[in-house]
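Next come the chains, spelled out residue by residue.
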Amino acid sequence: MNSDITLQDSFAARVRIAGRVRTTPIVFSPSLSEATGCDIRLKLEHTQITGSFKLRGATNAVLSLTEAERANGVVGVSTGNHGRGLAYAAKQAGVRCIICMSELVPQNKVEGIKAQGAEVRIVGRSQDDAQVEVDKLVAEGMVMLPPFDHRDIIAGQSTVALEMLEQTPDLETVLVPLSGGGLISGVAMVMKAVNPSIRVIGVSMERGAAMYESQQAGKPIFVEELSTLADSLGGGVGLDNQHTFAMTRDLVDEMILVTETEIAQAIRHAYWQERQVIEGSGSVGIAALLAGKIRNPGRCVSLISGQNIDMALHHRIISGEDVDVTAEG
Ligand SMILES: *Cc1c(COP(=O)(O)O)cnc(C)c1O
């Protein structure tokens, strides 16, 4: 078998996290349906508490800890959506949470994590220095919860797929933003267990598509991280990947890449046509649809994964400015 994470784990996660995460709506998109000639719907998961689906996995993982582990607390290194989700999930469960980050992390990100109730530990000038601190805390008994390559995280993310099936029982195609693959592994596992003919398509940005390039290579490889509007999709898949590389290989039907221009266009579309503020990473499904990169979408749900974009940047994009984050470093 391609994975030891099952539909049963998904239902168990759903029961575990019930009442602690939102059930997010699915809406029909007249404009995208018109543009593609198909039935396109949006799963508004960016309206999740903390602004992304990452809360699902983090909540499931925190609630799956043993009593002893709960007493010692959890630690993470993410400064983005996983960090926010983990901080919030731990706080709600009354579990201590430390997020380690380097001095180079911008102040607004530090505040974003603190606002969710975590302790922030600022160490050194690189991600590697932060990792040394994490290793020390783990040696002292804390549990490190990674952003995607972990059973309980994948099972937690998979609960979004159960909702999608209930909200669109006859769905044919699902578009899922893809980075480390925790989200798509969970979604694809559920979809294929229910009906193998449902197409699951991963969408990443061209700049630094680590899972895409690793799948091309046939094994997890190092892919340089590049600046992109889809900043939550940056980072590698881990050279010793345990779950998501194989699950993506075995369960995902296609992987599609979108350009920076297409991402900006999708953020604009989401705002002006759908009245939604979404971050670049959340917009890649819309980007692929608008660019005509999805063959025969049919009855299609595009998963909008997050909303945590810098609002000044968002304002520039929706105002029509040709923002080039690749030049801004
Ligand atoms: C983390 C994240 C993703 C990608 O999730 P993976 O499980 O790493 O593939 C997509 N969109 C947003 C907004 C995210 O925060």
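Counting from 1, residues in each chain are numbered in the order their sequence is written. In view of the model being predicted, local features appear only for residues whose pLDDT reaches at least 70, and side-chain atom pairs are presented and counted only at 80 or more, with totals across whole chains, interfaces and linings using the full set of residues. Each side-chain value is worked out from all heavy atoms of the structure, with water and hydrogens disregarded.

- Per an unreviewed UniProt entry, the chain goes by the name L-threonine dehydratase catabolic TdcB and belongs to Roseovarius albus.
- Under the heading Sequence similarities (unreviewed entry), UniProt records this for the chain: "Belongs to the serine/threonine dehydratase family." UniProt positions are given in the numbering used here, feature names are shortened, and annotations may be inferred rather than shown by experiment.

### Let's talk about the overall build of the chain
Part 1 of the reasoning: The secondary structure content of the chain amounts to 15 helices and 10 strands.
Part 2 of the reasoning: Throughout, the radius of gyration refers to the C-alpha atoms, and the reference size of a globule is 2.2 Å times the residue count to the power 0.38. Relative to its length of 329 residues, the chain is compact, with a C-alpha radius of gyration of 19 Å against a globular reference of 20 Å.
Part 3 of the reasoning: Under the scheme applied here, a residue whose accessible area is under 20% of the maximum for its type counts as buried, over 50% as exposed, and between as partly exposed, the area being computed with a 1.4 Å probe on protein chains only. Across the 329 residues of the chain, 56% fall into the buried class.
Part 4 of the reasoning: Only the protein chains shown count as covering a residue, and every accessible area follows the Shrake-Rupley method with a 1.4 Å probe. With the model as given, the accessible surface of the chain reaches about 13,700 Å², and the carbon-plus-sulfur share is 48%. The helix and strand labels rest on DSSP assignments: H or I over at least four residues marks a helix, E over at least two residues marks a strand, and numbering proceeds from the N terminus.

### Here's the deal with the domain arrangement of the chain
Part 1 of the reasoning: Along its sequence, the chain is organised into domain 1 (7-52 + 152-328) and domain 2 (74-141).
Part 2 of the reasoning: Those domain boundaries reflect an automatic or database domain assignment. The gap between the C-alpha centroids of domain 1 and domain 2 is 24 Å.
Part 3 of the reasoning: Residue contacts follow a heavy-atom distance rule, with two residues in contact if any of their heavy atoms lie within 4.5 Å. Each partner contributes residues to the interface: domain 1 has 10 residues there, and domain 2 has 10 residues.
Part 4 of the reasoning: Here the quantity called buried area is the total loss of accessible area, with a 1.4 Å probe, experienced by two parts when brought into contact, counted for both. Summing the contributions of domain 1 and of domain 2, the shared interface buries around 630 Å²; its carbon and sulfur component is 47%.
Part 5 of the reasoning: Among the residues domain 1 hides against domain 2, the three largest losses belong to R20, T50 and N308. Together they make up 57% of the total.
Part 6 of the reasoning: Take a side-chain nitrogen of Lys or Arg and a carboxyl oxygen of Asp or Glu: if they are within 4 Å of each other, that pair is a salt bridge. For the pair domain 1 and domain 2, the interface holds zero salt bridges.
Part 7 of the reasoning: Each polar contact in these results corresponds to two N or O atoms within 3.5 Å; when the atoms are within protein, one needs to be able to donate a hydrogen and the other to accept it, and residues that are neighboring in sequence are counted only if both atoms are side-chain atoms. One can count three residue pairs in polar contact (both at pLDDT 80 or more) joining domain 1 with domain 2.
Part 8 of the reasoning: Residues were grouped as follows: Ala, Val, Leu, Ile, Met, Phe, Trp, Tyr, Cys and Pro as nonpolar; Asp, Glu, Lys and Arg as charged; and all remaining residues, including Gly, as polar. For the side of domain 1 that touches domain 2, the residue count by class is two nonpolar, four polar and four charged.

### Re unusual backbone geometry
Part 1 of the reasoning: The phi dihedral of R275 is positive, around 60°, even though this residue is not glycine.
Part 2 of the reasoning: Its location among the elements puts R275 in the loop between α12 (260-272) and α13 (284-290).
Part 3 of the reasoning: Of the residues examined, R275 reaches a relative accessible area of 74% and is grouped as exposed.
Part 4 of the reasoning: Phi is positive for N296, close to 40°, though the residue is something other than glycine.
Part 5 of the reasoning: By the secondary structure assignment, N296 is in the loop between α13 and β10 (299-303).

### Focus: the packing of aromatic side chains
Part 1 of the reasoning: Note on ring pairs: Phe, Tyr and Trp rings are taken, using the six-membered ring of Trp, and paired if centres are within 6.5 Å. Classes follow the plane angle, with under 30 degrees stacked, over 60 edge-to-face and the rest tilted. For the structure on display, the rule yields one aromatic pair.
Part 2 of the reasoning: A centroid spacing of 4.9 Å and a plane angle of 90° characterise the contact between Y271 and W272, whose relative ring orientation is edge-to-face.
Part 3 of the reasoning: Classification of Y271 as partly exposed rests on a relative accessible area of 29%.
Part 4 of the reasoning: For W272, a relative accessible area of 52% puts it in the exposed group.

### Looking at the UniProt feature "domain: Tryptophan synthase beta chain-like PALP" (unreviewed entry) in the chain
Part 1 of the reasoning: Residues given the UniProt feature "domain: Tryptophan synthase beta chain-like PALP" (unreviewed entry) here are residues 20-306.
Part 2 of the reasoning: Along residues 20-306, the helical share is 43% and the strand share 15%, with 18 Å between the first and last C-alpha atoms.

### Some words on the site of the ligand
Part 1 of the reasoning: Only heavy atoms are used to decide nearness, and a residue is near a molecule or strand if one of them lies within 4 Å of it. Looking at the ligand, there are 17 residues lining it, with K54, N81, G181, G182 and S305 nearest.
Part 2 of the reasoning: A distance of 2.8 Å separates an oxygen atom of the ligand from a polar backbone atom of G182.
Part 3 of the reasoning: Considered on its own, the ligand offers 380 Å² of accessible surface; in the complex 97% of this is hidden by protein.

### Focus on the nonpolar core
Part 1 of the reasoning: Take the buried Ala, Val, Leu, Ile, Met, Phe, Trp, Tyr and Cys residues and link them wherever side-chain atoms come within 4.5 Å; each set so joined is a nonpolar core. With 34 residues, the main nonpolar core has M164, V174, V176, V187 and M191 as its most contacted residues.
Part 2 of the reasoning: Judged by nonpolar contacts, the second largest core, of 33 residues, contains L233, A270, V284 and V325.

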